[in-house]
Amino acid sequence: MTANEIWEKHKQVIPGGVVSLNRIIDPMRVFVRAKGAYLWDSDGKQYIDYHAAFSPYLLGHSDTDVDEAVIRAIREERSLMGAGTTPWEGELAELLVECIPTLDQVQLTNTGSEATFLALRLARAVTERDKVIIMQGGYNGWHNDVAFNLMDSADQLADSREGEELPLSPLTAGMPKSAAQNVHVVQFNDLAAVENVMRRGNIAAVILEPILQNIGIVKPKPGYLNGLRRLCDQYGSLLVFDEVKTGFRHALGGYQSICGVRPDLSSFGKAVANGYPLGVIGGKREYMEYFNHPEPAKRVLIAGTYNAHPVPTVAAIATLRKLKTQEGEIYAHLERLGQMMEDGLKTRLARHGFPATVARQGSAFVVYFMDASPENWLDIARYNDMERDKKYRQRLIDAGVFHFPLPTKQGSISFAHTETDIERTLEITDTVLSTLARN
Ligand SMILES: Cc1ncc(COP(=O)(O)O)c(C=O)c1O
């Protein structure tokens, strides 16, 4: 069967024929195997993978050390007990607290969305306030507090003014209208807008990806994250760094260890368990203790049948142990390959005469088909050539390089990629750019 025939068959039993509809791709592919830096589809075609399943695979697909730990745990009959504690949840918590300086304590979830959900619930319990500030172009999960304003069109944002909040644009049907009452959206890198919203009061938290990595790589301007820290302190709101994408990818201590700004709470996911489903919420003890507050009315509910399931838990332990013991080697390799990719892309894009910018942080990179690095989503919506961006990605896929075929989606290099993979990718990119240039 062709990929399209399989997809049609799946549509009978899965709405849209794909589990998680954000995974629909054009052209459709059916993937059957992934190892290291490579994917294989049902036709046996091999791809160099930069999608990394929306980026968890920092060590590469099917990493032997991580998978061996999982296989061992299953052999040792470490089933889910769901009562009391387990040695491995304690071990993982200790490792996390050791790796990330701002975490005094952690709790474990299955996904990043659960972690950001709990971070906001915790912030509300601590501050006894209702409202949250989120970023245009940020993604923090699918729940009602954060599922707003990701990739809105320039037309939708036409009236947006610096220093002002933006109109809400929900990512989903089915949210209660009341959800909108508790959410304010501002442009990333616009401190004045945050302050203007905070002045009106009742802000429990600001939650943001410290680098916007669901619209490529949009970095904070110098002083921006520090400014958020100062405003949160001044107005009594909690600063939540959503490091589901940045955490572990850029440094063992998270992006917070690079930017030097200390959030009150942080969420992690994705790379923490190298592809196994695990989320983390952690932060200051005085806030985390609300999960166990002595006064029942102030206690924040955390419950989950699968929280700290032994399979993702041992996967995370193996991932973090590997990152810790080979920290220098792994992050140097990722930076070297990232630099090689950035330099190679810049040279080739210039040679083919495209107005383009390569944005990168370590192993995460993106090509924007626009002249300058964006400061926020509005810059991208206005200036990125979305049609060319999509075509570029589709042609790379046809030629055996897999980037998610949606404009602005971040590319992720893993520890399993080699210099030869990058060289091959750049050769293929050169050919793709020459075909793009012609039409
Ligand atoms: C920054 C960020 N936060 C939260 C999430 C939600 O994580 P999950 O998909 O594991 O629920 C994502 C997912 O892409 C993300 O990129």
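See the structure above.
This is a predicted model, so every value here is computed, not measured.

A sheet is described by the order of its strands in space; here three strands give the open sequence β11-β12-β14, paired in antiparallel fashion. Either end of the sheet is taken by a strand with one partner, and the two such strands are β11 (357–361) and β14 (411–412). This element, helix α10 (residues 327–351), spans β11 and β12 (364–368) of the sheet and lies at about 175° to β11.

Another aspect to go through is the sheet that holds strand β3 (residues 46–49). Overall, mixed pairing links the four strands, which are arranged β1-β2-β3-β13 in an open sheet. Strand pairing shows two members of the sheet lacking a second neighbour, β1 (31–35) and β13 (401–402), which therefore form its edges. The sheet contact formed by β1 and strand β2 (residues 38–41) spans four bridges and is antiparallel. In the strand pairing of β2, Ala-34 is matched with Leu-39.

The next subject is the nonpolar core. Met-198, Val-206 and Leu-208 are the most contacted members of the largest nonpolar core, which has 66 residues in total. Ranked by the residues each element gives to this core, the list is headed by helix α4 (residues 112–127), at seven residues. When we break this core down by domain, the ones giving at least three residues each are domain 1 (3–63 + 327–438) and domain 2 (78–325). Residues within four places of Val-206 in sequence aside, it is in contact with Ile-133, Met-135, Val-194, Met-198, Cys-232, Leu-238, Leu-239 and Val-240. Core analysis: the second largest hydrophobic core is formed by 35 residues, Leu-58, Ala-73, Leu-103 and Val-314 among them.

Procedures and definitions
Residues numbered from 1 in each chain as written. Predicted model: local features only at pLDDT ≥ 70, side-chain atom pairs only at ≥ 80, totals over all residues. Heavy atoms only, no water. Pairing = 2+ DSSP bridges. Helix = DSSP H or I, 4+ residues; strand = E, 2+ residues; numbered from the N terminus. Contact = heavy atoms within 4.5 Å. Axes fitted to C-alpha atoms, helices over the stretch in contact; angles between N-to-C directions. Core = buried A, V, L, I, M, F, W, Y, C linked by side-chain atoms within 4.5 Å. Buried < 20%, exposed > 50% of the residue type's maximum accessible area, 1.4 Å probe, protein only. Domains from an automatic or database assignment.

In short, shape yes, function no, at least from these values alone.
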